[in-house]
Amino acid sequence: MDTTTNDLNMNLFDRVLDKLCLTPIGLAGLILLLILPFIPPFNQEYMLRWLIYCGFIAAMSVGFDFTAGFINIVNFGYMAVAGTGGYTSALLVLNAGLSPWIAMLAGGVSSAILGLVIGMISLRLRGIFAACLSWFFGLAVMGLAIKMVWLTRGPLGLRVPRLFETESNFPFYFLIVILVYLTYLICKWVVRSKMGLAFQAIGQNMDAARTSGIDPVFYRVFNFTMSCAIAGVLGGFYAHFYGILTPDMMHTSKTVEVLAVAYIGGRGSLWGGAVIAFPFIFLMEIVRSTLSHLPGLNLVIYALVLILVMIYYPGGFSYFYDTHIRQPKNRALRYFLNGRDA
Amino acid sequence: MSKHNMSVTLTWLKTAPGLSIVISIAVAVAATIDAGPYLLVNMVVTGGMLALVATGLTLMLGVLNIPMFAHGEYFMIGSLTAYYIFTPISEFILEHPDSWLVTFGPFIAIIGALIGGAIAGVISEKLVFGPLRRRSTDNWVMNSFLLTVGVSVLLINLHQLIFGADFKGIVGYWQGMPISIADVYVSKDRVMSFLISAVIVALFYLFMTYTRTGMAIRAVSQDITGAEIVGIDIEKIVLLTISLACALAAVAGGSLLFMYPSYPTVGLEPLYMAWFVVILSGLGNILGAVAGAFMVALLKVITMEYVGAGWDFVVPSALIMLILIFKPSGIFGSDVRGVLDK
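The numbering scheme is per chain: residues are counted from 1 as the chain's sequence reads. Following the order in which they are written, the chains are lettered starting with A and the ligands numbered starting with 1. The model is predicted, so local features are restricted to residues of pLDDT at least 70 and side-chain atom pairs to those at 80 or more, both for listing and for counting; the totals for chains, interfaces and linings are taken over all residues. For side-chain calculations, the full set of non-hydrogen atoms in the structure is used, while hydrogens and water are omitted.

*Asks:* What exactly am I supposed to notice about the overall build of chain A here?
*Replies:* Summing up its helical and strand segments, chain A has 16 helices and 2 strands in all. On C-alpha atoms alone, chain A measures out to a radius of gyration of 20 Å, which is about the 20 Å that the 2.2 N^0.38 rule sets for 342 residues. Its C-alpha atoms give chain A principal-axis dimensions of roughly 60 × 55 × 40 Å. Looking at the 342 residues of chain A, the share that counts as buried comes to 56%. Any two residues having at least one pair of non-hydrogen atoms within 4.5 Å are treated as being in contact. Expressed as a percentage of contacts within chain A between residues at least 6 apart in sequence, the contacts between residues at least 24 apart total 75%. Note on areas: Shrake-Rupley with a 1.4 Å probe; residue coverage comes only from the protein chains shown. If you sum the accessible surface of chain A, you get close to 14200 Å²; carbon and sulfur atoms cover 69% of it. The charge count treats Lys and Arg as positive and Asp and Glu as negative. His and the chain ends do not count. Just so you know, the charge point we use is NZ for Lys, CZ for Arg, CG for Asp and CD for Glu. Side-chain charges in chain A split into 22 positive and 15 negative, and the spacing between the mean points of these groups amounts to 4 Å. Secondary structure elements follow DSSP: runs of H or I no shorter than four residues count as helices, runs of E no shorter than two count as strands, and numbering proceeds from the N terminus. As a reference, a globule follows 2.2 Å times the number of residues to the power 0.38, and the radius of gyration itself is taken over C-alpha atoms. The cut-offs for exposure are 20% and 50% of the maximum accessible area for each residue type, with area from a 1.4 Å probe on protein chains only; residues under the lower value are buried, those over the upper are exposed, and the others partly exposed.

*Asks:* Is there a simple way to explain the interface of chain B and chain A in this structure?
*Replies:* The accessible area lost on association of the parts is a frequent measure of interface size. On the side of chain A, 46 residues touch chain B, which itself brings 48 residues to the contact. Both faces combined, the contact of chain B with chain A buries some 4500 Å², and carbon together with sulfur accounts for 78% of it. A pair is scored as a salt bridge if a Lys or Arg side-chain nitrogen falls within 4 Å of a carboxyl oxygen belonging to Asp or Glu. At the surface where chain B touches chain A, the tally comes to 0 salt bridges. Pairs of N or O atoms within 3.5 Å make up the polar contacts considered here, provided that, within protein, one atom can donate a hydrogen while the other can accept it, and that residues adjacent in sequence are counted only when both atoms are side-chain atoms. The tally of links between chain B and chain A comes to 3 residue pairs in polar contact (both at pLDDT 80 or more). Put simply, the parts of the chain that give the side of chain B that touches chain A at least two residues each are α5 (101-135), α6 (140-163), α11 (268-281) and α13 (314-326) of chain B. Here the element with the most residues in the side of chain B that touches chain A is α6 of chain B; it accounts for 15 residues. Residues of the side of chain B that touches chain A, tallied by class, amount to 36 nonpolar, 8 polar and 4 charged. Throughout, the accessible surface (probe 1.4 Å) given up by two parts as they are put together, summed over both, is called the buried area. Under the convention adopted here, Pro, Cys and the residues Ala, Val, Leu, Ile, Met, Phe, Trp and Tyr are nonpolar, Asp, Glu, Lys and Arg are charged, and Gly plus all remaining residues are polar.

*Asks:* So what exactly am I meant to see when it comes to the packing of helix α4 (residues 78-96) of chain A against helix α11 (residues 216-242) of chain A here?
*Replies:* Helix packing for two helices is described by the angle between their axes and how far apart those axes are. All names here are of chain A. Look at α4 against α11: their axes get within 7 Å of each other, and the N-to-C directions meet at 55°. In terms of orientation, α4 and α11 fall into the oblique class. The handedness of the crossing between α4 and α11 is right-handed. Here α4 contributes Tyr78, Val81, Ala82, Gly85, Gly86, Ser89, Ala90 and Val93 to the contact with α11, which in turn contributes Ser227, Cys228, Ala231, Gly232, Gly235, Gly236, Ala239 and His240. Class assignment for the residues of the contact of α4 with α11 results in 8 nonpolar, 8 polar and no charged. Fitted lines through C-alpha atoms serve as axes, helices being fitted only where they are in contact, and the angles separating the N-to-C directions of these axes extend from 0 to 180 degrees. Angles are sorted into four bins: roughly parallel if under 35 degrees, roughly antiparallel if over 145, roughly perpendicular if 65 to 115, and oblique for all others. Helix crossings get a hand from a simple test, with the near helix turned counterclockwise from the far one by less than a right angle marking a left-handed crossing and a clockwise turn marking a right-handed one.

*Asks:* Please explain the pattern of salt bridges as it appears in this structure.
*Replies:* Any two side chains of opposite charge can pair, given that their charged atoms come close. Residue and element names in this part refer to chain B. In this structure the tally under the stated criterion is 5 salt bridges over all chains. Close ionic contact of Glu269 with Lys300 constitutes a salt bridge, the shortest N to O distance being 2.3 Å. Of this pair, Glu269 sits in helix α11 while Lys300 is found in helix α12 (residues 286-306), placing the two residues 31 residues apart along the sequence. Glu269 gets classed as partly exposed once you look at its relative accessible area, which sits at 23%. Each of Glu125, Arg133 and Glu235 takes part in one network of salt bridges that share partners.

Structure representation (structure tokens):
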């Protein structure tokens, strides 16, 4: 856990970087993501489509990790929450004629309300029971989306206008990269403040946290509401990118996808999931499309990776990075990996 | 009947288990009078199956502290095994209608499912849970939960990869006229599947209560260190528990093959329902799980009858969330503690 240091010998660049919660390597990664669609194999539309999906999962996994990695509660209905945001946004655009951009934010608000409710209900439960409760909640919401045919057209799906009027995927790609970064930045800012400490204290030992004067009720509900709001906005993006929204999006298996990426990336790091999602989901999409005569193979690999990581390396990629890569002998390299304050 | 017994019964009736059992019986009777006895039959058959799956889940949670998300997949393994055993048998029966296999063939398939489930349980303990237990015990509940999520995705997609995604079902186990019970015609398969589940649950209860091994299992579930001190071989008990729990789920899948044809995600519905039961009835309580299974089955059947098909996730999960808000430890009690409890 790094705290903001007001060190006087930091130059302006370092200070800006620190405010933006980036290390030089993080900045390099972000720039790489931004120029990626101009590099030959990735500049085709179908590749971009995959990359956008990677970005969506990356942003979702950051929001997911904000709850799972800090207050240690797995929100098992996370995709259902995102779907609520997506449906709210789509319905507002279709029925009230709102602009998709405002509707996306409205989707975030509706998901935040849902998160508030789940957070309040699950207050009395711990660990696995809170996870189950959010799971049941997700199932119920998905059931509603399937059965309220007059509103959502059920399994047929809604046709939703896209955010940009073009056929091209380029603007969507840049938007999702910005959204991934914004999600990370907001979560990181909250986590860096005193609140982050309180979250971790609650996640590690609730009784000890309460003894030290932390009110778990406020922090848990706040955490839930915020991560659900993020999911809602992202769900709106999903709806307005694919242009079609079915209740399938809310399925538990989708949540499992986000969860797997978040955990393989490393819990409690926020950036781990975002970093892992791009190569990992991209590879899975390649496997899925090239070996299409073997349906389900990508998910088998997926599950195997999740199982192996959970057994042999529960810290995930971020733990590996912190222990093996982060502290090289070379000073320039160390600056590149850590920024000034290391 | 003495006066003392009466007052004991009355106080029991005022507690949560008493109240809920009485209310469910009343609701079941009322619905039966209103809609016809087939409702009761459906409830009993579904409840018997659920009791098997939920008992296994309770066992895993109570003894090993594993919140099993993959339990439905052992149900799937059971139905798959039974299908591949019973298909040749039914072909043989077609040619030789007088052979002894007409009566006993289905039993072979169901016992095959039981054995298949037990073997699958042993394999997953050796490959997955054992290594995790040897490597880490901190944050065990959450880690093992995520591990079972991986196992679930893995098994579902292996099924799809190897056996295909189509429905592998049978017309029925036992041919012949339906049996008439109180003016309702119930197919032989349903009667038999209920009988099988009743016998197995009863045997299981007796096993847990009266045999040395059953007592050892209960001892491990109460206090693992204490059990080790008295000389119980933990590894053996753990292996036995997992194979028992998986076998229970598999036998449910095998005996219900005529209702639920085997396909990759067949296990999800029993899984959801079994989790409803476990959360509703509290943990580590076998009799509670059996009672809870019939309650959830009643809920499901009544929802299907009065609200409509497809709502059977929405209404039960909403009701269970309501129950959890007021009684976080489930109706039959367990030691789950929430934020608000002191």
